[in-house]
Amino acid sequence: DGHMVIDIGGGTTEVAVVSMGGVVECDSVKTAGNSFDEAIIQYLRKEKGILIGRQTAESIKKDLAAAMKLEEPRRVSVRGFSQSVSSAETTYFTSDQAHEAIREPCLGILTAIKWVLERTPPELAADIIERGITLTGGGALLRGLSQRIADEIGMPVKVAANPLDCVVLGTAKCLESDK
């Protein structure tokens, strides 16, 4: 049976098709959680002239960012350094703006998924279409990402239980089975 697992960590996204205990096809891209943070930082710098740090960007990502437009738009106030007046300034940042900011990193992940699927043997691809794709890692928690992937790829996508811990738990199981 073929399974596709996508681990969206902080620095990289790994996409793999596994079967019979081995990797059949895989790809790793440097587009992941940190890329979403950086995209938010750059958006606010370019569009609003406000400089923010990584912690603020990560907070915005967790509170507001979504891979798909939200049905009920939201907004947060963001405090940063204004480039135009050289002092602290507060501005509002909306969920639509956050969605636009993270558009490119989302496309990077989707491109990697499609690349791996195109190279997957047809019989294993059929298994994946039937069973779906599993997302792991902190990036899997991005609001709407599983639905966005499902819509773009055309197959079910689920977020693993405990996506932040499942890589280390899987590694522990592998180590236990080697004893």
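Values in this document were obtained by computation on a predicted structure and should not be read as measured data.

Caption draft 1: Region of the structure containing helix α1 (residues 33-48). For α1, with 16 residues, the first-to-last C-alpha span of 22 Å sits near the 22 Å given by 1.5 Å per residue. By the burial criterion, the buried members of α1 are Gly 33, Ser 35, Phe 36, Asp 37, Ala 39, Ile 40, Ile 41, Tyr 43 and Leu 44. Two residues or fewer after α1 comes Gly 49, characterised by a positive phi angle close to 70°.

Caption draft 2: Region of interest: the environment of Ser 95. Here Ser 95 is to be found in helix α3 (residues 95-101). Given the relative accessible area of 3%, Ser 95 is considered buried. Taking the C-alpha atoms as reference points, Ser 95 and Val 76, separated by 19 residues in sequence, lie 8.4 Å from one another.

Caption draft 3: Region of interest: the pattern of salt bridges. The tally for this structure, following the rule as stated, stands at 10 salt bridges. In this structure, Arg 103 engages Glu 104 in a salt bridge whose closest nitrogen and oxygen atoms are separated by 3.4 Å. Overall, Glu 104 belongs to the exposed group, its relative accessible area being 52%. Among the salt bridges present, the one from Arg 119 reaches Glu 118, with a minimum N-O distance of 3.5 Å.

So, how was this worked out
- Residues numbered from 1 in each chain as written.
- Predicted model: local features only at pLDDT ≥ 70, side-chain atom pairs only at ≥ 80, totals over all residues.
- Heavy atoms only, no water.
- Helix = DSSP H or I, 4+ residues; strand = E, 2+ residues; numbered from the N terminus.
- Expected span 1.5 Å × (residues − 1).
- Buried < 20%, exposed > 50% of the residue type's maximum accessible area, 1.4 Å probe, protein only.
- Salt bridge = Lys/Arg side-chain N within 4 Å of Asp/Glu carboxyl O.

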